[in-house]
Protein chains: 4
Amino acid sequence: MEEALLTSSAAGVYVICPTPFESDGRVDVASTDRMVEAYLKAGATGLTILGIMGEAPKLAADEALSFARQVIATVAGRVPIIVGVSAAGFAAMSGLSSKVMDAGAAGVMIAPPSTLKTDDQIVSYYADAVEAIGADVPWVIQDYPLTTNVVMTPKVIMRIIEQSPSCVMLKHEDWPGLDKITTLRRASDAGQARRVSILCGNGGMFLPFEMERGADGAMTGYAYPEMLVGVVNLINQGKRKEAHDLFDRHLPLVRYETQPGVGLAVRKYVLKRRGIIASDTLRKPGPKLSPETIAEIEWLMERIERS
Amino acid sequence: MEEALLTSSAAGVYVICPTPFESDGRVDVASTDRMVEAYLKAGATGLTILGIMGEAPKLAADEALSFARQVIATVAGRVPIIVGVSAAGFAAMSGLSSKVMDAGAAGVMIAPPSTLKTDDQIVSYYADAVEAIGADVPWVIQDYPLTTNVVMTPKVIMRIIEQSPSCVMLKHEDWPGLDKITTLRRASDAGQARRVSILCGNGGMFLPFEMERGADGAMTGYAYPEMLVGVVNLINQGKRKEAHDLFDRHLPLVRYETQPGVGLAVRKYVLKRRGIIASDTLRKPGPKLSPETIAEIEWLMERIERS
Amino acid sequence: MEEALLTSSAAGVYVICPTPFESDGRVDVASTDRMVEAYLKAGATGLTILGIMGEAPKLAADEALSFARQVIATVAGRVPIIVGVSAAGFAAMSGLSSKVMDAGAAGVMIAPPSTLKTDDQIVSYYADAVEAIGADVPWVIQDYPLTTNVVMTPKVIMRIIEQSPSCVMLKHEDWPGLDKITTLRRASDAGQARRVSILCGNGGMFLPFEMERGADGAMTGYAYPEMLVGVVNLINQGKRKEAHDLFDRHLPLVRYETQPGVGLAVRKYVLKRRGIIASDTLRKPGPKLSPETIAEIEWLMERIERS
Amino acid sequence: MEEALLTSSAAGVYVICPTPFESDGRVDVASTDRMVEAYLKAGATGLTILGIMGEAPKLAADEALSFARQVIATVAGRVPIIVGVSAAGFAAMSGLSSKVMDAGAAGVMIAPPSTLKTDDQIVSYYADAVEAIGADVPWVIQDYPLTTNVVMTPKVIMRIIEQSPSCVMLKHEDWPGLDKITTLRRASDAGQARRVSILCGNGGMFLPFEMERGADGAMTGYAYPEMLVGVVNLINQGKRKEAHDLFDRHLPLVRYETQPGVGLAVRKYVLKRRGIIASDTLRKPGPKLSPETIAEIEWLMERIERS
């Protein structure tokens, strides 16, 4: 398949896709298609699949590949697709990466393993990872210390970008992370570092400020992705107040959805309630929503939809 | 001094006090008094000092004690005062605890050290801690896994409450933590556990829901504590919508202030801007606010104060 | 294939097999066969493959399966084979487990993921794991906190054994861990817990004492497995002094081989020098032995072989 | 008091002193004197007190200071004394440091707090620490990742040495750590880094090799410190075989004593049995030796003393 590859000028909203399951745990093919169309309709400029919030580690290798192929086929080139290929070893990473790139993915995303401790270990890990996937595959650094326990300074990120011309994007979800964006942008503006795309994750909790600090957009999976698209567009149009107003209306649910562990269950519940996926099933191990939690989500949804 | 001791019926808002420093790093005595009065005026039903957000580990033993004595003297019995006595060892914990109780504190608060791993280790640590401070000193469990790395299940918390009659309160700041409140309240309602006060921390990020789940109030240090007081009162009055409306207006800043590490610097900046403390100095090691960060705080303050 | 299944009466020395690679990183089929024969000749009563020291996470799914099938075919029923099936998710675990059991493995081994924190989380994880592999597959708990960061108390281990009749063995490599063996054995002797086989890992660093505390043998991969076999046999024959004398002669190299990270490289070097495998290649990421390290290994080998 | 300050030419064996307690937990003054004399008689060229193995965090501030003063008075200038001043904050560190230096200590030792993650955080922490203790106080980097969770690359250590002329020693206890010594020595030999003293900890587990890699001696607390002295001297005299023979006779107990947590209890038991301290009491939280453990220690002592 002839697809465009991911470049460092990527911008907008790359929606992090959950993997929809049927209530018995099988991948839900029909919901997958419906979800993809819903995200495109919401204004997604790209999709990211098989990430941490896509329950990628819970899929068998062949399930992951089938899911990726289906999404790529459904999107049919309308937007670029990034595939998470983080793995416990380079053989698995390399295998998945080459298969999804062959299938038409635009690039891959790699999070560091939690065993990395020092700056040099991180830089060296990414050198090995690039060797594993091949220097011609565009790829994204996932910087998510809350989950990975790996803290990357701006200097480390710049060393990785420097050593690997195929690194085209930073998925930024450090916390706190706003000054990191400023530092990276200042460095690329001053010609001290190559400029890569910065898309922000972390549930979107700081999206308006992240845009103002120099991010190019969002890569996260909030259950109303049209809000993310709206905020990115408003900021790009210089409508600061409107961007924050829109964002703040959603912040109560954004906050609720970024609770570690339970957040994905919340997101899937909202997507189900919005008719986007058929079931909010998570594979084990995963939390079950209590009746109290469901009532709180309903309350939050109602307040958003009324406003 | 004759002061009332903390009991399990404590409720309302116990404001977590930062320790004000002058710009050269000395404890700022005048700001301390002004801050205490401001918190009482805002409706605090208690104060908590020398906690993690009070930079307690950065104070020398004599500084900590002087600060505690000053706050206790200023409050002069108007509300109970809880003193954080978490320490690397029981000798230091015991020493500080007995001195502040003698000085008129209502109780002490103890966070678990990050070395604890198993359920039994946690329970046993608290047994030793109670032996160290004495069984007659009312005390608070601080359950804050994001910082301590110690995860306490409801079952473990109930074992601690069961083994120590002098444990009168849970400072709840697990994340996610709403179902934990429900579980603990259901157990005490069913007579399976002693009922202790539950005050919620975590910057107040979930306060209205926490109240609805059965918490008795907040113990956190948001820079507009009158909002915390308002939310607690509104929920207690059954005014759910008004409580959420008030809370949601502040949520953008609450979220900004709960950024790990930089959050305390944000809080001190707002307190300075509100005229409550003279300087936003943190002792080392601590972050410095960038100009961009300050501009964002100003933006958030303006939106709150306008609304 | 009709093979005997692993039972709780397993004893002796189950050698942890490294995965031999050619210098270009491919699995070395010829060395695999030679290694298997060498281990059987050394007196192994079982083999364990695809464990942490087998670089299992660095193998692609099909490589892992091929390797397992080859070892099973080579052994041809002479001793039971345990296959490590620890995985980031239950789909992968289940897939590998059913394939190797079909191929003739005697049982599987499961280490807990480092995300588990509380007692209940650990117990619950193993319930889910057993559901994933099927209740008819005999399996081994791997208790290795130094690597997994998961600390299991004896009580937790007994809960897991209690909830899963198909759990037949504990691979014990807690550190310190001697009293844990005593506690578990005392409980099973007193009828408070089902007796499972306990084989000890951790490089064999405490093997004679572990045997004396009630272990049934070793499951580790020291490069002179005949020493492990000798110690186990001598202890079983009541020859305490001879057992310790034999062990102590090897302890300098045992200690050298249990250095985290570099230990496997040391082990592979010794196996290569002894003619058991052709190359000491590790897959990335993995350490390279310095000339100084090699000289130290040679010194230690010489002292052992001279004694 | 006029005492010599610690310099980068320090060598030999600095014995890590436990803090002797009476059975009721008070500091045991008489045992302290006896222990100091025993260590000097064993050939110690220095003493280190109030380290991790000195249960320093379990002492109240005044107890720690009294203990330090007593040891300094007893030693009376015969050898230099290093005092551990690691603390949760710089105020406490600075206070203890200035008091013990006034009392006649030769230098202080500082371990990094477990919250440090990146290279720059570590380097910056030590800059702040030096500011806290004063640039005129000679000090020691404690590099002990197994306990601190902070991994320092050779590059980071060299940056710390470079930025602080008062840093005169590395207490090396990384694991694995032999190549780190070689790297640091190669750098100082090549003039790329200032040469500081390297004394090795980690219970002495690799002492002969560490000496051969370029260390200047040991700083650890094995209960037969005369062995450490012997090994250091033999290596310095070029008697490699004799050094290893001596070391290997003790290795079974060295290994037993380096078990995390229980190791200090083992060490105190042996010191008590050797008549050096009166009680093997540890302050809480601390392990209790089981009868089986005591029998094993006795077995190991007997084998050493017979040989």
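Residues numbered from 1 in each chain as written. Chains lettered and ligands numbered in written order. Predicted model: local features only at pLDDT ≥ 70, side-chain atom pairs only at ≥ 80, totals over all residues. Heavy atoms only, no water.

Asker: Pulling in residues and values, what's your account of the overall build of chain A?
Answerer: Broken down by element type, chain A carries twelve helices and eight strands. The dimensions of chain A, computed from C-alpha atoms along their principal axes, are 50 × 45 × 35 Å. Of the contacts formed within chain A by residues at least 6 apart in sequence, a portion of 72% connects residues at least 24 apart. Summing over all exposed atoms, chain A offers an accessible surface of approximately 10,800 Å²; the carbon and sulfur share of this is 53%. (Helix = DSSP H or I, 4+ residues; strand = E, 2+ residues; numbered from the N terminus. Contact = heavy atoms within 4.5 Å. Areas by Shrake-Rupley, 256 points an atom, 1.4 Å probe, with all protein chains shown as cover.)

Asker: How would you explain the relation of the copies chain A and chain B if you had to name every residue and give the values?
Answerer: For the match of chain A to chain B, the screw axis carries a shift of 0.0 Å, the RMSD comes to 0.0 Å, and the turn is 180°. Look at the turn and shift together and you get a two-fold axis relating the two. When the interface residues of chain A are mapped onto chain B, 97% of them again fall at the interface, so both copies present the same face. (Least-squares fit on C-alpha atoms with pLDDT ≥ 70 in both.)

Asker: Residues and numbers for the nonpolar core, please.
Answerer: One finds Leu47(A), Trp139(A), Ile141(A), Leu47(B), Trp139(B) and Ile141(B) to be the most contacted residues of the largest nonpolar core, which totals 204 residues. Top element by residues in this core is helix 4 (residues 119–133) of chain B. It accounts for eight residues. Aside from chain neighbours lying at most four places away, what touches Ile141(B) is Ile110(B), Tyr126(B), Met152(B), Ile157(B), Ile160(B), Ile161(B), Cys167(B), Met169(B), Leu170(B) and Lys171(B). Among the nonpolar cores identified, the runner-up in size contains 203 residues, and Leu234(C), Leu289(C), Val27(D) and Val75(D) belong to it. (Core = buried A, V, L, I, M, F, W, Y, C linked by side-chain atoms within 4.5 Å. Buried < 20%, exposed > 50% of the residue type's maximum accessible area, 1.4 Å probe, protein only.)

Asker: Describe in detail the UniProt feature "binding site: pyruvate" (unreviewed entry) in chain A, supporting the description with residues and values.
Answerer: Residue and element names in this part refer to chain A. Following the UniProt record, one finds the feature "binding site: pyruvate" (unreviewed entry) at Met219. Residue position: methionine 219 is located in strand 8 (residues 217–220). In this view, methionine 219 contacts Tyr14, Ile16, Thr48, Ile82, Met109, Met169, Lys171, Leu199, Cys200 and Gly201; residues no more than four positions away in its chain are not counted. (UniProt positions renumbered as here; feature names shortened; annotations may be inferred.)

Asker: I'd like a rundown of the interface of chain A and chain B, residues and numbers included.
Answerer: Accessible area lost on assembly of the parts is the figure often given for the size of an interface. Across the boundary between the two partners, chain A contributes 34 residues, which contact 33 residues of chain B. For the pair chain A and chain B, the two sides together bury roughly 3,100 Å², of which 60% comes from carbon and sulfur. Taken as a group, Trp175(A), Arg255(A) and Trp299(A) account for 21% of the area that chain A buries against chain B, more than any other trio of residues on that side. Linking chain A with chain B are eight salt bridges, by the criterion used here. A salt bridge links Asp248(A) to Arg303(B); the nearest nitrogen and oxygen atoms lie 3.0 Å apart. Where the side of chain A that touches chain B is concerned, the elements lending two or more residues are helix 7 (178–189), helix 8 (207–213), helix 10 (240–257) and helix 12 (291–306) of chain A. Per-element tally for the side of chain A that touches chain B: the top contributor is helix 10 of chain A, with ten residues. The residue inventory of the side of chain A that touches chain B, partitioned by class, reads 15 nonpolar, seven polar and twelve charged. (Buried area = accessible area lost by both parts, 1.4 Å probe. Salt bridge = Lys/Arg side-chain N within 4 Å of Asp/Glu carboxyl O. Nonpolar A, V, L, I, M, F, W, Y, C, P; charged D, E, K, R; others polar.)

Asker: For the sheet that holds strand 8 (residues 217–220) of chain D, give the residues involved together with the corresponding values.
Answerer: Residue and element names in this part refer to chain D. Taken together, eight strands build a closed barrel; the order of strands is 1-2-3-4-5-6-7-8 and the barrel is parallel. Each strand axis lies, on average, 25° off the axis of its neighbour in the sheet, ignoring direction. With three bridges connecting them, strand 1 (residues 12–16) and strand 2 (residues 46–49) associate as parallel partners. By the bridge assignment for strand 2, tyrosine 14 is matched with glycine 46. Most of the contacts of helix 2 (residues 61–75) go to strand 2, to which it runs at about 170°, and overall it touches strand 2 and strand 3 (81–84). Most of the contacts of helix 9 (residues 225–236) go to strand 1, to which it runs at about 160°, and overall it touches strand 1 and strand 8. (Pairing = 2+ DSSP bridges. Axes fitted to C-alpha atoms, helices over the stretch in contact; angles between N-to-C directions.)

Asker: Hey, could you go over the side chain of Thr148(B) for me, with residue numbers and the actual values?
Answerer: Residue and element names in this part refer to chain B. Checked against the element boundaries, threonine 148 lands in helix 5 (residues 145–148). With relative accessibility at 7%, the residue threonine 148 sits in the buried group. Contacts of threonine 148, omitting those with residues within four sequence positions, involve Ala111, Pro112 and Ser114.

Asker: So what's going on with helix 1 (residues 29–41) of chain C? Residues and values would help.
Answerer: All names here are of chain C. With 13 residues, helix 1 should cover 18 Å at 1.5 Å per step; its first-to-last C-alpha distance of 19 Å lies within 8% of that length. By the burial criterion, the buried members of helix 1 are Ser31, Thr32, Met35, Val36, Tyr39 and Leu40. Its side-chain oxygen at 3.2 Å from the backbone nitrogen of alanine 30, aspartate 28 defines the N-terminal cap of helix 1. Directly after helix 1, the chain includes glycine 43, whose backbone phi takes a positive value near 105°. (Expected span 1.5 Å × (residues − 1). Polar contact = N/O pair within 3.5 Å; in protein donor to acceptor, adjacent residues only side chain to side chain.)

Asker: Provide a residue-level description of the pairing of strand 3 (residues 81–84) of chain C, including the pertinent values.
Answerer: Residue and element names in this part refer to chain C. Alternating positions in strand 3 separate into two faces, Ile81 and Val83 on one and Ile82 and Gly84 on the other, with burial throughout. In this structure, strand 3 lies alongside strand 4 (residues 107–110), joined through three bridges in parallel fashion. Residue valine 83 lies in a different strand from strand 4, and its bridge partner there is valine 108.

Asker: Summarise the relation of the copies chain D and chain A; cite the residues concerned and give the values.
Answerer: For these two chains of identical sequence, chain D goes onto chain A by a turn of 180° and a shift of 0.0 Å along the axis, with RMSD 0.0 Å. Of all interface residues in chain D, 100% are interface residues in chain A too; the two copies therefore contact each other through one and the same surface.

Asker: A description of the packing of helix 10 of chain A against helix 11 (residues 263–273) of chain A should follow, citing residues and the corresponding values.
Answerer: For any two helices packed against each other, one specifies the inter-axial angle together with the distance between the axes. Residue and element names in this part refer to chain A. Two elements in contact, helix 10 and helix 11, have axes separated by 8 Å at closest approach and are oriented at 130°. With respect to their mutual orientation, helix 10 and helix 11 come out oblique. Between helix 10, through Leu253, Tyr256 and Glu257, and helix 11, the contact on the second element is made entirely by Gly263, Val266 and Arg267. Taken together, the residues of the contact of helix 10 with helix 11 break down into three nonpolar, one polar and two charged. (Parallel < 35°, antiparallel > 145°, perpendicular 65-115°, else oblique.)

Asker: Lay out the interface of chain D and chain A in plain terms, naming residues and giving numbers.
Answerer: Listed as interface residues are eight residues of chain D and, on the opposing side, eight residues of chain A. In total, chain D and chain A occlude about 800 Å² of area from one another, counting both sides; carbon and sulfur atoms represent 51% of this. On the surface where chain D and chain A come into contact, there are two salt bridges. Its salt-bridge partner being Lys155(A), residue Asp120(D) comes within 2.9 Å of it at the nearest N-O pair.

Asker: Could you give an account of the pattern of salt bridges, with specific residues and numbers?
Answerer: This structure, assessed with the given rule, holds 105 salt bridges over all chains. For Arg306(C), the salt bridge identified is with Glu302(C), shortest N-O distance 4.0 Å. On the criterion of helical spacing, the pair formed by Arg306(C) and Glu302(C) is a turn pair, its members being four residues apart in helix 12 (residues 291–306). Judged by relative accessible area, Glu302(C) falls into the partly exposed class, the value being 46%. A single network of salt bridges, built from pairs that share partners, joins Lys241(A), Asp245(A), Asp248(A) and Arg303(B).

Asker: Which residues make up the packing of aromatic side chains, and what values do they have?
Answerer: Geometry of an aromatic ring pair is reported as the spacing of the ring centres plus the angle between the planes. One pass over the full model with this rule turns up 26 aromatic pairs over all chains. Relative to Tyr126(A), the ring of Tyr125(A) lies with its centre 5.8 Å away and its plane at 80°, an arrangement referred to as edge-to-face. Across this residue pair, the class does not change: Tyr125(A) and Tyr126(A) are buried. Ring geometry for Tyr126(C) and Trp139(C): centres 5.2 Å apart, planes at 20°, overall stacked. Of this pair, Tyr126(C) sits in helix 4 (residues 119–133) while Trp139(C) is found in strand 5 (residues 139–143), placing the two residues 13 residues apart along the sequence. Sitting over the face of the ring of Trp299(C), Arg240(D) holds its NZ or CZ atom 3.8 Å from the ring centroid. (Phe/Tyr/Trp six-rings, centres within 6.5 Å; stacked < 30°, edge-to-face > 60°. Lys NZ or Arg CZ within 6 Å of the ring centre and 35° of its normal.)

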